[in-house]
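Each chain is listed here by its residues.
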Amino acid sequence: LELYKTNVELQELNRNLEQKVSQRAKEVQKQRNFYESILNQVPAEIVVADHNQKYLFISESAIKDVELREWLIGKNDFDYCEYRNISMDLARERFSKYQEVRNTLKVAEWTEKFTKNGQDIYLLRRLVPLFNDNDEIEMFIGYSLDITDSEEYRLELIEARDIAQKATLAKSEFLSKISNEIRTPLIAII
C-alpha cells in the first residue's frame, strides 16, 4: 500500500513537471518567434553564428528557401558553398573575416559582389563579435545591406572622372602641339 501511494505521488509529480516543462517550452517558443519575426522584418540579411562559425539563425531575407535555412543551422559557409555548388573562395573569404574579427576583436566590414540573373549585386557585409562574461567571443552577428545602387553610382563617378582626366590630358596635349605649331612660323616671321 505504501509503495502504491508513493507510485501515485511520483506519477502526479511527473505530470506536474511535464506540464511545467511544456508550459516553459511554449513560452520559450513564443519568445523565439517574437524575436525571429522582428529580425525577419529588418530590411537586411541577418545571420547569427556560434564561436565556431556555425549558423544559429538565418533571416528570411538572407535565404528565402525555408528548407535550406533549416538545413544550414549548425553548418558553416563551407557546407553552404558545397551544397549550392558555389566556389569555395566565398567560404574562404568569409572564414578570413571571422579570423580577422577573432584577432582584432573588432567589427569587420567588406563588400561582396554576386551576379544574379546577369546583374551584378553588391552587398556591404559586417561581422560583429558578441562576447561572454569572460570577454571571449561567444557568437557572431553578420548583417548585409544591398548597396548595388550606390556602388553602380560610385563606378559611374569613377568612369566620369577617368573620362574627364583623359579629356584634360587631351586638351593639354592639343594646346602643347598647337602652341608648338604656331610658335615655329611666328619665330620665322619675326
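Note that this is a predicted model, so its numbers are computed, not measured.

K.L.:
What exactly am I supposed to notice about the pairing of strand E1 (residues 45–50) here?
P.N.:
One face of the sheet, then the other: side chains in a regular strand alternate in exactly this way. Taking burial as the measure, the six residues of E1 include five buried ones, the bulk of the element. Sheet analysis places E1 next to strand E5 (residues 137–146), joined by six bridges and oriented antiparallel. Pairing of Ala49 across the sheet is with Phe140, part of E5. Both E1 and strand E2 (residues 55–58) contribute to a ladder of three bridges, which runs antiparallel. The residue bridging Ala49 from the neighbouring strand is Tyr55, located in E2.

K.L.:
Would you mind showing me how to read the sheet that holds E5 here?
P.N.:
The pairing of strands in a sheet happens through backbone hydrogen bonds and is either parallel or antiparallel. The strand order across the open sheet formed by five strands is E2-E1-E5-E4-E3, and the pairing between neighbours is antiparallel. Each having just a single partner strand, E2 and strand E3 (108–116) make up the two edges of the open sheet. Geometrically, the sheet is characterised by an average inter-axis angle of 20° between neighbouring strands, direction not taken into account. Pairing between strand E4 (residues 119–131) and E5: nine bridges, direction antiparallel. Bridge pairing in E5 places Arg126 opposite Tyr143. Together, E1, E2, E3, E4 and E5 form the strand contacts of helix H4 (residues 88–104), whose direction differs from that of E3 by roughly 170°. Helix-sheet contacts for helix H5 (residues 148–189) involve E4 and E5, and the interaxial angle to E4 is about 120°.

Procedures and definitions
Residues numbered from 1 in each chain as written. Predicted model: local features only at pLDDT ≥ 70, side-chain atom pairs only at ≥ 80, totals over all residues. Heavy atoms only, no water. Buried < 20%, exposed > 50% of the residue type's maximum accessible area, 1.4 Å probe, protein only. Helix = DSSP H or I, 4+ residues; strand = E, 2+ residues; numbered from the N terminus. Pairing = 2+ DSSP bridges. Axes fitted to C-alpha atoms, helices over the stretch in contact; angles between N-to-C directions. Contact = heavy atoms within 4.5 Å.

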